[in-house]
Structures are given as structure tokens and as C-alpha cells.
Amino acid sequence: MTIAARVLTFLLPLIMAACGSPELVSVSAPEITKKARIAFGAVQVNDVSLPSHAAADEIHIREDDGTLSSSSGVLWSDAPERAIALELSQNLARLTGRRVASEPWPFEAFPDARLEVRFTELVATSAGSFEASGQYFVGVADGRRERSGLFDLSVAFDPKGGPGAIARARGQLILDLAEFIAGDGLK
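All values reported here derive from a predicted model rather than from experimental measurement. (Residues numbered from 1 in each chain as written. Predicted model: local features only at pLDDT ≥ 70, side-chain atom pairs only at ≥ 80, totals over all residues. Heavy atoms only, no water.)

**Some points on helix α3 (residues 80-96)**
Structurally, the α-helix is built with 3.6 residues per turn, so residues lying three or four positions apart point the same way. Over its 17 residues, α3 extends 24 Å from the first C-alpha to the last, a length consistent with the 24 Å expected when each residue adds 1.5 Å. Taken as a whole, α3 has its buried residues at P80, A83, I84, A85, E87, L88, S89, N91, L92, L95 and T96. The elements touched by buried residues of α3 are β2 (42-45), α2 (52-55), β4 (68-76), β5 (99-102), β6 (113-125) and α4 (162-184). (Helix = DSSP H or I, 4+ residues; strand = E, 2+ residues; numbered from the N terminus. Expected span 1.5 Å × (residues − 1). Buried < 20%, exposed > 50% of the residue type's maximum accessible area, 1.4 Å probe, protein only. Contact = heavy atoms within 4.5 Å.)

Right under this line is the structure:
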């Protein structure tokens, strides 16, 4: 091993330690107190579509002037598109008691309905609200009525609570979205 390689081998861990590793923030599932009846026995939640800032690993905050800021020092603990699809399917399963899973569909029998969610907005604001808007689509193969609808939801949080408060707000917002879709689109 050359001297340069030895020096690099020695210095690399020190440089990495000095830079620090990013803080990972995960979303815990909020308590579900409601139950919802839906018209389908099995629902597949397709991959969700997020705006580029919401699909990034960094947690973005929309400032009062409309600009987005983020820090590479604080990251979501899972890929946002995957995490939100899983959160949505788990919330729908707990709300309805039905077979609900995100894709790929894990069961032999095909689902009765497919849910697709496209977000136009999914962001925390510096004023203390986590906001989501977009459209959902429910596709069915057996000739029953297919549906779609718009959503515009917001959950308040304490901006002084940092990334943990933002994560809790996102968790509550995805639960609120699951309740809305169960009552509006899956009936």
C-alpha cells in the first residue's frame, strides 16, 4: 500500500466523522380511532406520484415567500414515495379491516380495486402546517363505477418542534387522506 493510500485510509474515517452523518427522521403511525366501510374486499395502493421536492430524501420546508429550503443533515428514513404508499395502505387496512396492500400485490387473488394517488403538493410550511393536495383514482376491473376525486388537506404542527413535529404532521396527514379516500372514493 502506498503512503498516499495509507494516509487516505487513516484520514477518511476522520473526515467522515467530522462531517457527521445525517439525522434520519421516521414517521410513526398515528392512532386510528375510526372505522370505515368500503365497497371492496381487496384494494391495491399503486406507487404514489410526488412532486420532486417531496420525493427527495431531504425534508423540505416552504418559506413565507414560497421558496423551498432543506438541509442534507436531516433526511426521511425511507424513500418518500415508498413510505407514503406503505403508510396509506396500512392506514386503509386498519381503517377498513380489508385486504389492502401497496404494490407489488402480494396475494394470489387479484384486488377488487386499484388506488392511485397523485400529489401536486406535499410540503411542510415555516408557518406550521403540513399541506397536501392532489387527485386520487380508483380503478376497478369488474365493471363497477370507477372514481376519482380531488383532495386538499392540512395538518398543523409546532415549527419549533423540528423534524419530529414535521414527521408527526405528515403521519397524521396521510391518515387523514386515508380516511378521506375511504369515505369519498372507496364507498
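**Comments concerning the packing of aromatic side chains**
For the structure shown, the criterion picks out three aromatic pairs. Pairing F119 with F151 gives two aromatic rings, centres 5.4 Å apart and planes at 75 degrees, and the pair type is edge-to-face. Of this pair, F119 sits in strand β6 while F151 sits in strand β8 (residues 147-156), placing them 32 residues apart in sequence. Each member of the pair, F119 together with F151, is buried. Ring geometry for Y136 against F180: centres 6.3 Å apart, planes inclined by 80 degrees, an arrangement best described as edge-to-face. Here Y136, found in strand β7 (residues 129-140), pairs with F180, found in helix α4; they are 44 residues apart in sequence, far enough to count as distant. (Phe/Tyr/Trp six-rings, centres within 6.5 Å; stacked < 30°, edge-to-face > 60°.)

**Topic: the pattern of salt bridges**
This structure, assessed with the given rule, holds seven salt bridges. The partner of E121 in a salt bridge is R62, and the shortest N-O contact between them spans 2.9 Å. Highlighted residues: E121 in strand β6 and R62 in strand β3 (residues 58-62), separated in sequence by 59 residues. A relative accessible area of 22% means that E121 is categorised as partly exposed. Accessibility expressed as a relative area gives 21% for R62, which makes it partly exposed. Here R82 and D78 are joined by a salt bridge, their closest N and O atoms 2.4 Å apart. Taking relative accessible area as the criterion, D78 reaches 26% and is therefore assigned partly exposed. (Salt bridge = Lys/Arg side-chain N within 4 Å of Asp/Glu carboxyl O.)

**Focus: the side chain of N46**
For N46, the position within the fold is in the loop between β2 and α2. One polar contact links N46 to Q44, side chain to side chain, over a distance of 2.6 Å. Every residue in contact with N46, bar those within four places of it in the chain, is listed here: A85, E103, R114, L115 and E116. (Polar contact = N/O pair within 3.5 Å; in protein donor to acceptor, adjacent residues only side chain to side chain.)

**Observations regarding the confidence of the model for the chain**
Across the chain, the average pLDDT comes to 88, with 89% of residues at 70 or higher. Every residue in residues 1-19 scores below 50 in pLDDT, and together they form two contacts with partners more than four places removed in sequence or on other chains. (pLDDT = per-residue confidence, 0-100.)

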